[in-house]
Amino acid sequence: MFNKLLKRNTDLVLESGDRSVLISNEAVPAHIAIIMDGNGRWAKKRSLPRVAGHHEGMKTVRKVTKLANELGVSVLTLYAFSTENWKRPKIEVDFLMRLPEEFLTTFLPELIEENVRVEMMGYHHNLPLHTLRAIKKAKEATKDNTGLVLNFALNYGSRAEIVDAVKDIAAQVAAGTLDVCDINEDLISGGLMTKDLPEPDLLIRTSGEVRLSNFMLWQLAYTEFWFTETLWPDFNEDSLLEAIEIYQKRNRRYGGLKGDEVK
Ligand code: V07
């Protein structure tokens, strides 16, 4: 019977057992966004350098990607590097900028095998060529995949993104190709880096920080938030299942209401 329920979202039989099965039988969030925080603290607790925490955090990215894909999540957006992160010590920034290559060298074959599509949102300027090349290769190799969209936010900042969208609209008005009366929410949404993605249904932030830190400010207007004390390197399959279960419980509470009333 469980296998039958599972068919609704995936035709894989999940090893994580009943919990995943029950989750799959309800609305799984189509888009999950995660602020992956606590890598430095994880390392400090073990008297390791901060970069050891970042490196360990990559393993969590892999675990969470695999499970999200199996559960039938459509988009997983991961905040890997913000426009503010350039203020960190150069040695740490240089290390971080090697992680996309290392991640993709190790896991690209697996992502291809699992039908995952790699995407990136963020500013290309300032990013080293070696980082951009690795990402370009992964995007090309997975562009026809139809499973989970694994969207890395890299050199991303939400206010800058909104400013750019507004500038573009202002330029159209100045050129006389757009009437001020025709400026609406859809026009702004269409000018953001997420224009081809659904808005996140669930935002997760790890490590006990309860802030948005300039992440998807416009897109998170109606998103459910879940914060956990767990540090990102300690976050695992059970943590993701817990977040989704809580999301589903909240959704169930709104069961009798129409979408508009929830908003
Ligand atoms: C980074 C590991 C995860 C915890 C958060 C900070 C450190 C994966 C990537 C990545 C990015 C783009 C891409 C493929 C992989 C990554 C950075 C940091 C900068 F196409 N993890 N990870 N990028 N961390």
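None of these values were measured; they are calculated from a predicted model.

Here we look at the overall build of the protein chain
In terms of helices and strands, the protein chain carries ten helices and six strands. Burial statistics for the protein chain: of 263 residues in total, 44% are counted as buried. When contacts within the protein chain are restricted to residue pairs at least 6 apart in sequence, long-range pairs at least 24 apart make up 75% of them. Accessible surface computed for the protein chain: about 13900 Å², of which carbon and sulfur atoms make up 52%.

Digging into the packing of aromatic side chains
Taken as a whole and judged by the stated rule, the model has eight aromatic pairs. Between Phe 225 and Phe 227 the ring centres are 6.1 Å apart and the planes differ by 90°, which places this aromatic pair in the edge-to-face class. For the ring pair Trp 232 and Phe 235, a centre distance of 5.1 Å and an interplane angle of 25° mean the geometry is stacked. Among the aromatic residues, ring-to-ring pairing joins Tyr 79, Tyr 156 and Phe 215 into one connected group.

As for the UniProt feature "active site" (unreviewed entry) in the protein chain
The positions UniProt marks with the feature "active site" (unreviewed entry) are Asp 37 and Asn 85. Taken together, the annotated residues stretch across 49 residues yet fold into one region, lying no more than 12.4 Å apart by C-alpha. Tracing the sequence through the fold places Asp 37 in the loop between strand 1 (31-35) and helix 3 (39-45). Relative to the assigned elements, Asn 85 resides in the loop between strand 2 (75-82) and helix 5 (90-113).

Things to note about the environment of Glu 119
Within the secondary structure layout, Glu 119 lies in strand 3 (residues 117-121). Along the primary structure Glu 119 and Phe 152 are separated by 33 residues, whereas in three dimensions their C-alpha atoms are 6.2 Å apart. Not counting the four nearest positions on each side in its chain, Glu 119 is found in contact with Lys 139, Val 149, Leu 150, Asn 151 and Phe 152.

Topic: unusual backbone geometry
In this structure, Asn 115 is a non-glycine residue whose phi angle is positive, near 70°. The partly exposed category is assigned to Asn 115, whose relative accessible area is 27%. The phi dihedral of Asn 214 falls on the positive side, at around 65°, and the residue is not glycine.

Some thoughts on the nonpolar core
Judged by nonpolar contacts, the single largest core of 46 residues is most densely connected at Ile 32, Ile 34, Leu 76, Phe 103, Ile 204 and Leu 240. Among the elements that line this core, the one with the most residues is helix 5, at nine residues. Ignoring any residue separated from it by four or fewer positions in sequence, one finds Phe 103 in contact with Met 58, Val 61, Arg 62, Leu 108, Leu 111, Leu 150 and Phe 152. In terms of nonpolar packing, the next biggest core, distinct from the first, is built from ten residues, Tyr 79, Met 121, Ala 153 and Leu 220 among them.

Considering the UniProt feature "binding site: Mg(2+)" (unreviewed entry) in the protein chain
Within the UniProt annotation, "binding site: Mg(2+)" (unreviewed entry) is assigned to Asp 37 and Glu 224. Setting aside residues up to four positions removed in sequence, Asp 37 forms contacts with Arg 205, Thr 206, Ser 207, Glu 209, Leu 231 and Trp 232. Side chain to side chain, Asp 37 and Arg 205 meet in a polar contact 2.9 Å long. Within the fold, Glu 224 resides in strand 6 (residues 224-227). Overall, Glu 224 belongs to the buried group, its relative accessible area being 17%.

Describing the site of the ligand
Near the ligand there are 16 residues, and of these His 54, Leu 96, Ile 135, Phe 152 and Leu 154 occur at the shortest range. When the free accessible area of the ligand is taken as 500 Å², the share hidden by the protein chains comes to 98%. Elements with a contribution of two residues or more to the shell around the ligand: helix 4 (50-71), helix 5 and strand 4 (149-156). Element by element, the count of residues in the shell around the ligand is highest for helix 5, at five residues. Class assignment for the residues of the shell around the ligand results in 13 nonpolar, three polar and no charged.

Things to note about the packing of helix 4 against helix 5
Where helix 4 contacts helix 5, the axes come no closer than 10 Å and their chain directions differ by 30°. Here helix 4 lies roughly parallel to helix 5, going by the angle between them. Once helix 4 is placed against helix 5, the crossing between them reads as right-handed. In contact with Arg 50, Val 51, His 54, His 55, Met 58, Val 61, Arg 62 and Thr 65 of helix 4, helix 5 contributes Glu 92, Phe 95, Leu 96, Leu 99, Glu 102, Phe 103, Phe 107, Glu 110 and Leu 111. Looking at side-chain class alone, the contact of helix 4 with helix 5 contains nine nonpolar, three polar and five charged residues.

Reading the values: rules and limits
- Residues numbered from 1 in each chain as written.
- Predicted model: local features only at pLDDT ≥ 70, side-chain atom pairs only at ≥ 80, totals over all residues.
- Heavy atoms only, no water.
- Helix = DSSP H or I, 4+ residues; strand = E, 2+ residues; numbered from the N terminus.
- Buried < 20%, exposed > 50% of the residue type's maximum accessible area, 1.4 Å probe, protein only.
- Contact = heavy atoms within 4.5 Å.
- Areas by Shrake-Rupley, 256 points an atom, 1.4 Å probe, with all protein chains shown as cover.
- Phe/Tyr/Trp six-rings, centres within 6.5 Å; stacked < 30°, edge-to-face > 60°.
- UniProt positions renumbered as here; feature names shortened; annotations may be inferred.
- Core = buried A, V, L, I, M, F, W, Y, C linked by side-chain atoms within 4.5 Å.
- Polar contact = N/O pair within 3.5 Å; in protein donor to acceptor, adjacent residues only side chain to side chain.
- Near = heavy atom within 4 Å.
- Nonpolar A, V, L, I, M, F, W, Y, C, P; charged D, E, K, R; others polar.
- Axes fitted to C-alpha atoms, helices over the stretch in contact; angles between N-to-C directions.
- Parallel < 35°, antiparallel > 145°, perpendicular 65-115°, else oblique.
- Left-handed = near helix turned anticlockwise from the far one by under 90°.

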